[in-house]
Amino acid sequence: MADSIMYQEDCYVILEPDRPEQFLSEAELLEKLKGILQQQEELPRDLQKFNSLEEQAQHLLETSCEFNVSPSQYLQWYVTRLEKR
């Protein structure tokens with residue numbers, strides 16, 4: 001049986017071109033994703049089915065680890081733990 005600690009999410013490491021990596025909490029990442037999605041003229045098809053920005057950001061967080069903001073810009077995020085247990 002898998003250890004339940006494997007399913008705990010402490011924070012996310014965020015990668016963007018030409019920027020140092022950032023560590024964000026889930027709430028902070030959701031806010032960042034909402035800000036990015038709000039600026040998009042056209043959303044990917046899988047996000048268009050959601051009515052609210054909150055639902056779109058939550059779906060993106062739960063089902064992906066990358067979003068192409070523009071042809072040369074992207075955002076990647078990965079769950080990480082900051083302390084050894």
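Quick notes on the rules
Residues numbered from 1 in each chain as written. Predicted model: local features only at pLDDT ≥ 70, side-chain atom pairs only at ≥ 80, totals over all residues. Heavy atoms only, no water. Helix = DSSP H or I, 4+ residues; strand = E, 2+ residues; numbered from the N terminus. Contact = heavy atoms within 4.5 Å. Areas by Shrake-Rupley, 256 points an atom, 1.4 Å probe, with all protein chains shown as cover. Buried < 20%, exposed > 50% of the residue type's maximum accessible area, 1.4 Å probe, protein only. Polar contact = N/O pair within 3.5 Å; in protein donor to acceptor, adjacent residues only side chain to side chain. Salt bridge = Lys/Arg side-chain N within 4 Å of Asp/Glu carboxyl O. Core = buried A, V, L, I, M, F, W, Y, C linked by side-chain atoms within 4.5 Å.

## Side note on the overall build of the chain
Inference 1: Across its full length, the chain carries 3 helices and 4 strands.
Inference 2: Here the analysis covers contacts within the chain between residues at least 6 apart in sequence; of these, 48% occur between residues at least 24 apart.
Inference 3: If you sum the accessible surface of the chain, you get close to 6,300 Å²; carbon and sulfur atoms cover 46% of it.

## Quick look at the environment of Tyr 12
Inference 1: One can find Tyr 12 in strand β1 (residues 11-15).
Inference 2: Look at Tyr 12 and you get buried, because its relative accessible area is 5%.
Inference 3: Expressed as a C-alpha distance, the spacing of Tyr 12 and Glu 26, which sit 14 residues apart in the sequence, is 6.9 Å.
Inference 4: Sequence-distant contacts of Tyr 12, defined by excluding residues within four places in its chain, comprise Gln 22, Phe 23, Leu 24, Ser 25, Glu 26, Leu 29, Leu 61, Trp 77, Tyr 78, Val 79 and Thr 80.

## With respect to the side chain of Lys 34
Inference 1: Position of Lys 34 relative to the elements: it lies in helix α1 (residues 26-39).
Inference 2: By relative accessible area, which is 15% here, Lys 34 ends up buried.
Inference 3: A distance of 2.8 Å separates polar atoms of two side chains, one belonging to Lys 34 and the other to Glu 31.
Inference 4: Leaving out residues up to four positions away in the same chain, Lys 34 has contacts with Leu 53, Glu 54 and Ala 57.

## What about unusual backbone geometry?
Inference 1: Of note, the phi angle at Asp 18 is positive, near 60°, even though the residue is not glycine.
Inference 2: With respect to the helices, strands and loops of the structure, Asp 18 is situated in the loop between β1 and β2 (22-24).
Inference 3: Exposure remark for Asp 18: the relative accessible area of 83% places this residue in the exposed category.

## Considerations on the pattern of salt bridges
Inference 1: With the rule as written, the count across this model stands at 4 salt bridges.
Inference 2: For Lys 34, the salt bridge identified is with Glu 54, shortest N-O distance 2.8 Å. Taken together, the positions of Lys 34 in helix α1 and Glu 54 in helix α3 (residues 53-63) put the pair 20 residues apart, joining distant regions of the chain.
Inference 3: When its relative accessible area of 38% is taken as the criterion, Glu 54 is described as partly exposed.
Inference 4: If you follow the salt bridges from partner to partner, you end up with Glu 16, Arg 19 and Lys 32 in one network.

## Some remarks on the nonpolar core
Where a protein is soluble and globular, its nonpolar side chains tend to be buried together.
Inference 1: Ranked by size, the top nonpolar core spans 16 residues in total, and within it Leu 33 and Trp 77 carry the most contacts.
Inference 2: Counting only elements with at least two residues in this core, the list comes to β1, α1, α3 and β4 (73-80).
Inference 3: Per-element accounting of this core gives the leading share, 5 residues, to α1.
Inference 4: Beyond its immediate chain neighbours, meaning those up to four positions away, Leu 33 contacts Ala 57, Leu 60, Leu 61, Leu 75 and Trp 77.

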